[in-house]
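Listed below, chain by chain, are the residues.
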There are 2 protein chains.
Amino acid sequence: MMKGLSVMTPTTRKMMQVLNSCKATLFCVLVTILVLRSTAMVSDHHIGDIEGTTEWAHVGQNRHGRKLAQADEVNISEKPDPVTASKFVEEEKWDPSTPYTLGPKISNWDQQRVIWNNLNPGKNKTRNGKPKILLVSGSQPGPCANPMGDFYHLKFVKNRLDYARLHGLEFFYNMATFSKEMTSFWAKLPLLRKLMVSHPEVEWIWWMDSDAIFTDMAFEMPMEKYEGKNLVVHGFHNLLFEQHRWIGLNTGIFLIRNCQWSLDLLDAWAPFGPEGETRVNAGKMLTAKLVERPTFEADDQSALVYLMLFDDPKWKLKTHIEWEFYLHGYWKYLVYRWSELSILQTTKCWKSMAMPTGLWHHSRRNAFARTPLTH
Amino acid sequence: MMKGLSVMTPTTRKMMQVLNSCKATLFCVLVTILVLRSTAMVSDHHIGDIEGTTEWAHVGQNRHGRKLAQADEVNISEKPDPVTASKFVEEEKWDPSTPYTLGPKISNWDQQRVIWNNLNPGKNKTRNGKPKILLVSGSQPGPCANPMGDFYHLKFVKNRLDYARLHGLEFFYNMATFSKEMTSFWAKLPLLRKLMVSHPEVEWIWWMDSDAIFTDMAFEMPMEKYEGKNLVVHGFHNLLFEQHRWIGLNTGIFLIRNCQWSLDLLDAWAPFGPEGETRVNAGKMLTAKLVERPTFEADDQSALVYLMLFDDPKWKLKTHIEWEFYLHGYWKYLVYRWSELSILQTTKCWKSMAMPTGLWHHSRRNAFARTPLTH
């Protein structure tokens, strides 16, 4: 099958032999280049200057055109400028004596979005005239430790991809860590901010943890319910606001509006997250304040519960706690009632019971004490 | 972290314990159900009756509405009808004494597509008014034998997904085998037919093997070149038409138009493929007819080369053999010249040299004797 090689010159063949002997290394280098390239696609070089609307006004109507223009800019100079180069070498060092931030403060995002969307009419709507939703999920940059892990990641990506195509959502899958401080469950925060400011045309970002899947491919989110709200998250009012339980809501799956409020929420949320002493200490505080929270470092879910209960009341005001259907459900309970749910669906009872079982979630963090099913 | 369980009733807790003891089994059952569900999404119950346009006329304007209507139909009857049930149990048995077919003969597909697209105006165009392209790829239903395999499948899916989003393509990833005869490199044939007849709005299907990736995310296919052609495949005229080499073209990556010609090509192509004696004998014939083909069972690439050279001249007439850029390239040669290519791109020489290095291919079958790079 390699016969085609025989017409090469001897020099070429010799070089090919050398190449073959270290092809594994070269393969790794190539993959690294490709990963860096695709990471670079997401980043936006306007991000450092996000306050100024002047630059935004120059952005062409066509996003693709913009990307090509950026690529050309890089090509024109003979080597990448120091800012671009530094992105691949080292990020700005965070001083742990100051609160951690996700980037320069942005304070006029709503106005900037209005300007951008006026300059790019129609870009913020789907073909059916609905506000654009970007489904976002991701997994770690390296292989999964569980030998079956990446096979399930692959199947789960297919699940999201099929759902997104059927419902006219755009879908972004992330495999990069954007900040060395924001690891583990905190990795989504810098990603969400980056996607918001790179995609002013997107109205909602729908986050989904890597271990969650859609169980009902025909399920449509009732977006009209969420007008005036900026965050939609599954939870229970009594567990959250009365009992102060750390599992009163679940951050495995949520929708967040692309707006100033959300950027502010991310800014308030992020300081709990930096890996190391900060996260450990924040974890102690959260365990002390929230009911039945085990002792462990700060997680994004507990931090959001804390913000809802003890921080600025504006967070609670603009958040919709969804409990009328399973925006997510812990898989053990869904499997346990699976046959019953199937029957309910067949006899159409589920409609009156408001249980379309939209999503299915694998994480142990999603153990609920009580759900509408066990009432 | 599982503290939330404590408020359950003792009976529930007991049942949970039983459940826990066999959770692995239940997990498998659930996954099986989900796989069957998502497989069912792809299938189209009109497929057995594809000749009749009557049914098509009833198809609503909204594809999503159609799917929901189908789901309702299934729900109304208390158990699935025998046709639906048989899909999951056994497929129609093929009699090896007759030529293998992909399904009932379809002879008026072009007219059917015109009718469908007239009934559903605008559905066959992208937002930018271009004919719709569906990018299609896939991998085997089970885990990859190589422990790193599924991690690379995952990264490669991300690569396609990013490319598809940036270029306004729809993307379908397949993990099902549609016919037990058409395994290995032949699995794409029944899939392509199924997608064509299920998606009359799609003009082109862009097939990509699981081991290929896009190396240039800004690369745009020059579709205007292919007007009047129904198949675009990478290859070289001299290797193919003069030398009759089995590597004269490459079927790892190709574009095929959704039309009657393509369904006919699939019909002519498929009989080489059924696993077992048929495929082995076809392999012997192909090795005898094609130059430098090693002895092995029939592969889809050799069979297509055979059709181009020795079958109906209409196949060659409507095929564009692309050689002006790398619609695909064998990875060893691309890695070998990688630094040079990068320099070429930086200095913009590549434009005049017509080498955007569109795609990168991993399969050993893609070893080319000569490429524009080695001229």
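Because the structure is predicted, anything quoted here is derived from the model rather than measured. (Residues numbered from 1 in each chain as written. Chains lettered and ligands numbered in written order. Predicted model: local features only at pLDDT ≥ 70, side-chain atom pairs only at ≥ 80, totals over all residues. Heavy atoms only, no water.)

A. The overall build of chain A, seen in detail. What chain A contains, in helices and strands, is 16 helices and eight strands. Counting the 375 residues in chain A, one finds 51% classified as buried. The contacts in chain A between residues at least 6 apart in sequence include a share of 79% that link residues at least 24 apart. Of the roughly 16,800 Å² of accessible surface on chain A, 59% is carried by carbon and sulfur atoms. (Helix = DSSP H or I, 4+ residues; strand = E, 2+ residues; numbered from the N terminus. Buried < 20%, exposed > 50% of the residue type's maximum accessible area, 1.4 Å probe, protein only. Contact = heavy atoms within 4.5 Å. Areas by Shrake-Rupley, 256 points an atom, 1.4 Å probe, with all protein chains shown as cover.)

B. Up close: the side chain of Asp-300 of chain B. Residue and element names in this part refer to chain B. As for its placement among the helices and strands, Asp-300 is situated in helix H12 (residues 300–310). By relative accessible area, Asp-300 is classed as buried at 0%. A polar contact of 2.4 Å, which involves the side chain of Asp-300, links it to the side chain of Lys-188. (Polar contact = N/O pair within 3.5 Å; in protein donor to acceptor, adjacent residues only side chain to side chain.)

C. Inspection of the pattern of salt bridges at higher detail. Scanning the model with the defined rule gives 30 salt bridges over all chains in all. Between Glu-203 of chain A and Arg-257 of chain A there is a salt bridge, with the nearest N and O atoms lying 2.7 Å from each other. Residue Glu-203 of chain A is found in the loop between helix H8 (188–198) and strand S3 (204–208), and its partner Arg-257 of chain A is found in strand S6 (residues 249–257); the two are separated by 54 residues along the sequence. The two residues Glu-203 of chain A and Arg-257 of chain A agree in class, both being buried. Among the salt bridges present, the one from Asp-267 of chain B reaches Arg-193 of chain B, with a minimum N-O distance of 3.9 Å. Of this pair, Asp-267 of chain B sits in helix H10 (residues 260–269) while Arg-193 of chain B sits in helix H8 (residues 188–198); the two residues are 74 residues apart in sequence, bridging distant segments of the chain. A network of salt bridges, in which partner residues are shared, links Lys-105, Arg-193, Asp-264 and Asp-267 of chain A. (Salt bridge = Lys/Arg side-chain N within 4 Å of Asp/Glu carboxyl O.)

D. Structural context of helix H7 (residues 149–167) of chain A. All names here are of chain A. In this model, H7 (19 residues) spans 27 Å end to end at C-alpha, consistent with the 27 Å of a helix rising 1.5 Å per residue. Across the 19 residues that make up H7, a large majority, 17, are buried. Looking one or two residues past H7, Gly-168 carries a phi angle of roughly 70°, positive in sign. (Expected span 1.5 Å × (residues − 1).)

E. Structural context of the sheet that holds strand S5 (residues 231–235) of chain B. All names here are of chain B. One open sheet accounts for six strands, arranged S2-S1-S3-S6-S5-S7; its pairing is mixed. At either end of the open sheet lies a strand with only one pairing partner, and these are strand S2 (170–174) and strand S7 (319–322). Ignoring which end each strand starts from, the neighbouring axes of this sheet average 25° apart. The sheet contact formed by strand S3 (residues 204–208) and strand S6 (residues 249–257) spans five bridges and is antiparallel. (Pairing = 2+ DSSP bridges. Axes fitted to C-alpha atoms, helices over the stretch in contact; angles between N-to-C directions.)

F. Representation of the packing of helix H11 (residues 277–289) of chain A against helix H12 (residues 300–310) of chain A. All names here are of chain A. Packing of H11 against H12 brings their axes to within 10 Å, and their N-to-C directions diverge by 55°. Regarding the angle of H11 to H12, the classification is oblique. Relative to H12, the crossing made by H11 is left-handed. Residues Met-285, Leu-286 and Lys-289 of H11 touch H12, and the partners they reach there are Ser-302, Ala-303, Tyr-306 and Phe-310. Residues belonging to the contact of H11 with H12 are distributed by class as follows: five nonpolar, one polar and one charged. (Parallel < 35°, antiparallel > 145°, perpendicular 65-115°, else oblique. Left-handed = near helix turned anticlockwise from the far one by under 90°. Nonpolar A, V, L, I, M, F, W, Y, C, P; charged D, E, K, R; others polar.)

G. Molecular detail of the confidence of the model for chain A. All names here are of chain A. Looking at chain A as a whole, the pLDDT averages 75, with 65% of positions reaching at least 70. Counting contacts from residues 15–78, a segment whose pLDDT is below 50, to residues more than four positions away or on other chains yields 98 contacts. Ignoring residues within four places in sequence, the model shows residues 341–375, a span with pLDDT below 50, making 116 contacts including any to other chains. Predicted as a complex, the structure gets a pTM of 0.71 and an ipTM equal to 0.71. (pLDDT = per-residue confidence, 0-100.)

H. Broad picture of the pairing of S3 of chain A. Residue and element names in this part refer to chain A. In terms of residue burial, S3 counts as a mostly covered element, since five of its five residues are buried. Alternating residues of S3 divide into Trp-204, Trp-206 and Met-208 and Ile-205 and Trp-207, and every residue in both groups is buried. Both strand S1 (residues 133–138) and S3 contribute to a ladder of four bridges, which runs parallel. Its bridge partner lying in S3, Ile-133 is registered against Trp-204.

I. Local environment of the sheet that holds S3 of chain A. Residues and elements named next belong to chain A. Overall, mixed pairing links the six strands, which are arranged S2-S1-S3-S6-S5-S7 in an open sheet. Pairing within the sheet leaves two strands with one partner each, and these edge strands are strand S2 (170–174) and strand S7 (319–322). Strand-to-strand twist in this sheet, taken as the mean axis angle between neighbours without regard to direction, amounts to 25°. Here H12 sits on the sheet in contact with strand S5 (231–235), S6 and S7, set at roughly 70° to S6.

J. Region of the structure containing the nonpolar core. Core analysis: the biggest nonpolar cluster contains 56 residues, and Trp-206 of chain A together with Trp-206 of chain B have the highest contact counts within it. Listed in part, the 50 residues of the second largest apolar core include Met-182, Ala-282, Phe-296 and Val-305 of chain A. (Core = buried A, V, L, I, M, F, W, Y, C linked by side-chain atoms within 4.5 Å.)

K. Local environment of the pairing of S2 of chain B. All names here are of chain B. Taking burial as the measure, the five residues of S2 include four buried ones, the bulk of the element. As judged from the five bridges shared by strand S1 (residues 133–138) and S2, these two strands associate in the parallel manner. Along S2, the bridge assignment pairs Val-136 with Phe-172. Remark: the S1/helix H7 (residues 149–167)/S2 crossover connection has right-handed handedness. (Right-handed = clockwise from strand over helix to strand, strands pointing away.)

L. Broad picture of the state of the cysteines. In this structure the tally under the stated criterion is zero disulfides over all chains. With no disulfide partner, Cys-144 of chain B has as its closest neighbouring cysteine sulfur the one in Cys-144 of chain A, 15 Å distant. (Disulfide = S-S within 2.5 Å.)

M. Up close: the environment of Leu-266 of chain B. Residues and elements named next belong to chain B. Following the sequence through the fold, Leu-266 ends up in helix H10. A residue is classified by how much of its surface remains accessible, and Leu-266, at 0% relative accessible area, is buried. For Leu-266, the contacting residues outside a window of four places in its chain are Leu-102, Leu-189, Leu-192, Arg-193 and Met-196.

N. View of the packing of H8 of chain B against H10 of chain B. Residues and elements named next belong to chain B. Packing of H8 against H10 brings their axes to within 10 Å, and their N-to-C directions diverge by 160°. Judged by the angle between their axes, H8 and H10 are roughly antiparallel. For H8 against H10, the interelement crossing comes out left-handed. Contacts between H8 and H10 pair Leu-189, Leu-192, Arg-193, Met-196 and Val-197 from the former with Ser-262, Leu-263, Leu-266, Asp-267 and Trp-269 from the latter. Residue composition of the contact of H8 with H10, grouped by class: seven nonpolar, one polar and two charged.

O. Region of interest: the packing of aromatic side chains. Applying the stated criterion across every chain, the model contains 26 aromatic pairs over all chains. Pairing Tyr-163 of chain A with Trp-206 of chain A gives two aromatic rings, centres 5.8 Å apart and planes at 80°, and the pair type is edge-to-face. With a gap of 43 residues between them, Tyr-163 of chain A in helix H7 and Trp-206 of chain A in strand S3 connect regions that are remote in the sequence. Residue Tyr-163 of chain A shares its accessibility class with Trp-206 of chain A, and that shared class is buried. Look at Trp-206 of chain A and Phe-214 of chain A: their rings are 5.6 Å apart centre to centre, the planes differ by 75°, and that puts the pair in the edge-to-face class. Of the two residues, Trp-206 of chain A and Phe-214 of chain A, both sit in the buried class. Ring pairs connect the aromatic residues Phe-151, Tyr-152 and Phe-156 of chain A, which therefore count as one cluster. We note Lys-316 of chain B situated over the ring of Phe-241 of chain B; from NZ or CZ to the ring centre the distance is 4.1 Å. (Phe/Tyr/Trp six-rings, centres within 6.5 Å; stacked < 30°, edge-to-face > 60°. Lys NZ or Arg CZ within 6 Å of the ring centre and 35° of its normal.)

P. Representation of unusual backbone geometry in the model. For Ser-184 of chain A, which is not glycine, the phi torsion reads 55° and is therefore positive. Within the element layout of this structure, Ser-184 of chain A appears in the loop between S2 and H8.

Q. Examining the environment of His-234 of chain A more closely. All names here are of chain A. Position of His-234 among the secondary structure elements: in strand S5. Each C-alpha atom, one on His-234 and one on Leu-249, is 5.6 Å from the other, the two residues being 15 residues apart in sequence. Side-chain polar atoms of His-234 contact the backbone oxygen of Phe-325, separated by 3.3 Å.

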